[in-house]
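# Report on the structure
Each chain is listed here by its residues.
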Amino acid sequence: MSARHFHLFCWLWIGLQGFTDSARAQPASIHRLRNQAERLYDLGRYDEATRYYQQAYQLSRTRQQPELSITLLVDLSSMDYLAGNYQAGISRCLQGLDMLKKTPVADSTAFKVHSSLGELYRQLNDYTSSAHFFEKADRMIEKHPQLNREITDYVIYHYSNQAMLHESAGRFSVSQVLALKALQLARDFHIKSEVAIICNVLAGQYEAVGNFAGALALRREGIRNYSLVDLQLARMYSGIGWNLLSQQHYPAALRYLQMSYRLYTRLTERDSSQNDTRMVVNLYNHLGLCYWEIGREKEAELYLNKAVSTYTLKYGGKGRILATSWLVKGKIKMAQGQPETGMTFWQRALASVLKPSFLLDKLGNPPTDQVLDEKLAVEVLFLKGNQLTRQERWEDALQTYRRAIDVFHQARKHLGVLEDKLYLSETVLPLYQQAQEAAYQLYRQNRTESAFGMAFTLLEQGRATSFQDFYAEATLKPQYLPAEQLRLDQEIRQELSSVRAQLLDNPTPEHQRSLLARERDRLHQHYLLLRQWEQKYPDYYYSKYLTQPVTVQQVQARLPETAAYITYNYSHGKLHAFALTHQRSSWKTIPVDSLTLFRTLDTLRSSLRRHPGISQYTGTPFALQAFEWFIAPLLSEIESKESWVVNTGGVLDGLPIDVFETGRAVNDYIGFQHTIRYVYTATSLGGTSHSPGGISADDVLAIAPFNRDLQPTISDHFGYETLSASGGEFANLSTRQLMSEQATRPNFLNAQKNHSIWFLSTHAHLDSEEPMHSYIAFYPNDTTRKHRLYAHEISQMNLRHVRLVALSACEGGNGKLYRSEGMMSLARAFAYAGCPTTISTLWNAHDRTSAFLVRRTYAYLQEGDSPATALRKARTDFFKLEWSRPYNHPYFWAHFVVIGANEPLYQPGFRWPQPDHWVMTGSCAALLIAGVLLFLRYNSFWR
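Criteria and thresholds
- Residues numbered from 1 in each chain as written.
- Predicted model: local features only at pLDDT ≥ 70, side-chain atom pairs only at ≥ 80, totals over all residues.
- Heavy atoms only, no water.
- Helix = DSSP H or I, 4+ residues; strand = E, 2+ residues; numbered from the N terminus.
- Buried < 20%, exposed > 50% of the residue type's maximum accessible area, 1.4 Å probe, protein only.
- Contact = heavy atoms within 4.5 Å.
- Areas by Shrake-Rupley, 256 points an atom, 1.4 Å probe, with all protein chains shown as cover.
- Axes fitted to C-alpha atoms, helices over the stretch in contact; angles between N-to-C directions.
- Left-handed = near helix turned anticlockwise from the far one by under 90°.
- Nonpolar A, V, L, I, M, F, W, Y, C, P; charged D, E, K, R; others polar.
- Pairing = 2+ DSSP bridges.
- Salt bridge = Lys/Arg side-chain N within 4 Å of Asp/Glu carboxyl O.
- Core = buried A, V, L, I, M, F, W, Y, C linked by side-chain atoms within 4.5 Å.
- Expected span 1.5 Å × (residues − 1).
- UniProt positions renumbered as here; feature names shortened; annotations may be inferred.
- pLDDT = per-residue confidence, 0-100.
- Parallel < 35°, antiparallel > 145°, perpendicular 65-115°, else oblique.
- Phe/Tyr/Trp six-rings, centres within 6.5 Å; stacked < 30°, edge-to-face > 60°.
- Lys NZ or Arg CZ within 6 Å of the ring centre and 35° of its normal.

Another point: the overall build of the protein. Along the protein, the regular secondary structure elements total 40 helices and 16 strands. Residues counted as buried form 59% of the 943 residues belonging to the protein. Relative to all contacts within the protein whose residues are 6 or more apart in sequence, the contacts with residues 24 or more apart total 70%. For the protein, the accessible surface area stands at approximately 39000 Å², while carbon and sulfur atoms represent 51% of it.

Below, the structure is given as structure tokens:
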């Protein structure tokens, strides 16, 4: 996009900043030559300017002035940059780099060489080399922070260019951090023109993640702050046009794009050396797309053809901008009913983003390791697959979709931030849906095991991808990385969490600015650490690429004879239900329109989550229908299995299938016939490294901050209700208990390190928009928010020592639904941190019934039952109680679910003495001793 490419004048200008003190002391002839070069540049006479720079450079070499020579090499590389001769610019900077190794120079000179190399390699789409040199320059700033003051403009553009590199790689979090660092520097030093330029760069980051409104505001702010009439202004107009085009405001978009083109034409006609090929090709692409969207196909093809010819004449046949031209041309040909030509153009788009040495077949798909731009390659392969699907070439379509998925996973491995992984996974969800449809059609044709296996693997491969990454990395890091690196990683993560928690605590404006700067610094620091691992510990880096998607055979091998794995997917008006047991597998497809399906499920959810008061349960008709859709088709495979492991697949998230009713009797809930637990992905079926047993009473930590009334001022401020029964949950547990004012956040964080089982009976808050801002509440000593433990903090804790967290809190297992990832909740945060099993709640927990279910569940855990079995038995006990009759509504008992692993915590039959048993035992012992003493005294008296 034109607004994301840097203003070439700025790039040259920063390369031509004044001499260092040592340079000014050099002979006047070199000084005069360089000044003349700058004057000619200002007049737009670039060829002449280059000659003067070259003469100055030769003279500096003759007079053996290495630092000035290096500076002039950077100047000359800037001229190469202007002319689009990036490889020549790289050669000059590499020559300067070689001179740096032999001659000590000013820090600013070394920084400029490395940053220049980063930008030149970025223009050649060489991500690895570009990142390498940018990161070396980053470390120089970290080591010599005075560079921010000495060469402010250069540092600003360094961050800005690096931001655009990360944007192209999908590292949107890092990209925004760097753009914001550049913007803050420009504002701190009151460089108004740079503020305008960086606003447009940052707008590009916002647009990349779909925040077009925020991007448009930034672009307009940029224009308001920019006073020159030059190519940068033309880029700003083009950027607004692209933004409006992306929001489908076509007339307004066309107006801004035409303004940009007219200004560009006027400037280049006046001075041909002002030509910026990449900018004008981007502009041609945008105009072509806009004309196509408004139905003016001739104008669209005219501008797209100009884009292709202009780019290839200057740069050849490789590059993302060229690929975009071919991509849009292919779409137009498809719309015109010319599929063969359209496919040819898409192949050319693919070829444009492959390594130069690779030759693509006429209709072939490239190997993943030959792709230079994963995002665009995935888009093209997706379009190809769709066309093959329309032609009912199911096998070819499926192979194309699978290659796109492979490329997507290659791109995902580069990402280190959860938000980036989630965004990328959401963008490719249609790809997985189309691949599933192709797999289904192929399975219908031949009914082979291989077609079934391919469909199942595709389904699991697209599930909870970020969780799979966390799961794999938690295993791989201790194997490949030194303890010191792991400690540093944990420190940065925890500091980031601390800063973000403070940002949520209503800081003052000044403190907020300070916290945001710290957050940006730590995010950048963490990115540099991850890159360092890639370079220093290649075994760890490459092992991440060796993880393979789970297969049917692997899942079956992990299932005991008594268990079934059930998972679902919905697309194209069909509910796909899969069931796997130790020896058999089944795939059923149920036609149901989306409106009927999701309306039924939403009504059932509402009937479960609403406190019924004295009303009767109204969810039965919907629970019966859900059973017919989700369970009945699979009954022949799963009914005989005592244990069901369920992956809700984005269809049933937040809805326990325990409440589905068979209809064979009144309230015949399947949760009372089968032990049910839930998993995010089949990759977690392997269990944990822990063995049953080895747990003592000291291993259990119980927290109940609100079992007594709070101070009125604090209670009124937060609205926390007293959970009077929460203390009763732990009345008979042999545990370390933190109650009321003892249950503070600091006390919990200090205590948790020594306990492997946690019972938390407290309040929690769900943030449905920002799930990582959800929190668990501890005892508040004041009206600040320091008593909250946020989900993002939990996710960064090291909980590998924890075996079970039982969270009796409002909606602890509920959260924001990411269709590709599943429910992002407090329970998911514990899983990210390494806890294998959570018992959590899906809606506001009822105080008294929750207390009973927790007590009974723990009692059965002590007897050697697995968490899911213990919860099921506790529910059965609940319905045997006389006082439970008014609570015969799923609202009161179905809110608890077991998520994750299901290994027993205790040896069967073993039970730690309860506190009241200790009291009785001690009392009996005391009475016995007293009796013996009295007996001895009595006998002694008579003797």
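There's plenty left to go through after this.
What describes two packed helices is the angle between their axes and the distance between those same axes. In contact at an axis separation of 9 Å, helix H21 (residues 394–413) and helix H23 (residues 429–446) are set at 145° when each is read in the N-to-C sense. For H21 against H23, the interelement crossing comes out left-handed. Here Trp-394, Glu-395, Leu-398, Tyr-401, Ala-404, Ile-405, Phe-408 and His-409 of H21 lie close against H23, whose contacting residues are Leu-431, Tyr-432, Gln-434, Ala-435, Ala-438, Ala-439, Gln-441, Leu-442 and Gln-445. The class makeup of the residues in the contact of H21 with H23 is 12 nonpolar, 4 polar and 1 charged.

What follows deals with the sheet that holds strand S11 (residues 788–790). In a beta sheet, neighbouring strands are held together by backbone hydrogen bonds and run either parallel or antiparallel to one another. The strand order across the open sheet formed by 3 strands is S9-S10-S11, and the pairing between neighbours is antiparallel. Looking along the sheet, the strands with just one partner apiece sit at the ends: strand S9 (764–765) and S11. Here 3 bridges tie strand S10 (residues 775–777) to S11, and the two strands are oriented antiparallel to one another. Bridged to Ile-776 within S11 is Leu-789.

This part covers the pattern of salt bridges. Within this structure, the stated rule accounts for 34 salt bridges. Between Arg-487 and Glu-484 there is a salt bridge, with its nearest N and O atoms 2.2 Å apart. With Arg-487 and Glu-484 both in helix H26 (residues 483–503) and 3 residues apart, this pair spans about one turn of that helix. Accessibility expressed as a relative area gives 38% for Arg-487, which makes it partly exposed. Glu-495 serves as the salt-bridge partner of Arg-518, at 3.6 Å between the closest nitrogen and oxygen. In this pair, Arg-518 is assigned in helix H27 (residues 509–536) and Glu-495 in helix H26, connecting sequence segments 23 residues apart. The exposure class of Arg-518 is partly exposed, given its relative accessible area of 29%. A cluster of three or more residues bridged by salt bridges with shared partners is formed by Arg-34, Glu-38 and Asp-75.

Turning our attention to the nonpolar core. Among the nonpolar cores identified, the biggest contains 103 residues, and Leu-287, Leu-398, Phe-452, Phe-456, Val-555, Tyr-565 and Leu-580 are the most heavily contacted of them. In this structure, Val-651, Tyr-678, Leu-807 and Trp-893 belong to the second largest nonpolar core, which totals 100 residues.

The terminal C-alpha atoms of helix H6 (residues 86–100), which comprises 15 residues, lie 21 Å apart, in line with the 21 Å expected from a rise of 1.5 Å per residue. Regarding H6, the residues found buried are Tyr-86, Gly-89, Ile-90, Cys-93, Gly-96, Leu-97, Met-99 and Leu-100.

A few words now on the pairing of strand S3 (residues 585–591). As paired elements, strand S2 (residues 574–580) and S3 share 7 bridges and run antiparallel to each other. Bridge assignment links Leu-580 to a residue of S3, and that residue is Ser-585. Counting the residues between successive antiparallel strands, the hairpin from S2 to S3 contains 4 residues.

In the numbering adopted here, UniProt assigns the feature "repeat: TPR" (unreviewed entry) to residues 111–144. In residues 111–144, the share of helix is 88% and the share of strand is 0%. The end C-alpha atoms are 10 Å apart.

Of the residues in the protein, 89% have a pLDDT of 70 or more, and the chain-wide mean is 85. pLDDT under 50 marks residues 1–27. Its contacts with residues more than four places away, or in other chains, come to 88 contacts. This model gives residues 932–943 a pLDDT under 50, and the stretch forms 0 contacts once residues within four places in sequence are excluded.

Once that is clear, we can look at the packing of helix H7 (residues 107–123) against helix H8 (residues 127–143). Where H7 meets H8, the axes come as close as 7 Å, and the angle between the chain directions of the two elements is 155°. Our classification of the angle between H7 and H8 gives roughly antiparallel. Two packed elements cross with a definite hand, and for H7 against H8 that hand is left-handed. Only Ser-129, Ser-130, Phe-133, Phe-134, Lys-136, Ala-137, Met-140 and Ile-141 of H8 make contact with H7, whose side of the interface consists of Ala-110, Phe-111, His-114, Ser-115, Leu-117, Gly-118, Glu-119, Tyr-121 and Arg-122. Tallied by class, residues from the contact of H7 with H8 come to 9 nonpolar, 5 polar and 3 charged.

Turning to the packing of aromatic side chains, a few remarks are in order. If you walk through the whole model with that rule in mind, you get 46 aromatic pairs. Look at Tyr-443 and Trp-587: their rings are 4.8 Å apart centre to centre, the planes differ by 20°, and that puts the pair in the stacked class. Of this pair, Tyr-443 sits in helix H23 while Trp-587 sits in strand S3, and the two are 144 residues apart along the sequence. The buried category is assigned to Tyr-443, whose relative accessible area is 13%. Exposure remark for Trp-587: the relative accessible area of 6% places this residue in the buried category. One aromatic cluster in this structure is built from Tyr-669, Phe-672, Phe-852, Phe-878, Phe-879, Trp-883, Tyr-887, Tyr-891, Phe-892 and Trp-893. The ring of Tyr-680 carries Arg-828 above its face, with NZ or CZ at 4.0 Å from the centroid.

Next up on the list: helix H38 (residues 867–880). In a regular helix each residue adds 1.5 Å, so 14 residues correspond to 20 Å; H38 covers 20 Å between its end C-alpha atoms and thus fits that length. Turning to H38, its buried residues are Pro-867, Ala-868, Thr-869, Ala-870, Leu-871, Ala-874, Arg-875, Asp-877 and Phe-878.

A separate point is unusual backbone geometry. You will see that Gln-248, though not glycine, has its phi angle at about 65°, which is positive. Within the secondary structure, Gln-248 is located in the loop between helix H14 (231–246) and helix H15 (250–270). Of the residues examined, Gln-248 reaches a relative accessible area of 56% and is grouped as exposed. Even without being glycine, Ser-740 reaches a positive phi, approximately 45°.

Here we come to the environment of Arg-220. Mapped onto the elements, Arg-220 comes out in helix H13 (residues 212–224). In this structure Arg-220 comes out as partly exposed when scored by relative accessible area, which is 38%. Taking the C-alpha atoms as reference, Arg-220 lies 8.7 Å from Cys-199; in sequence the two are 21 residues apart.

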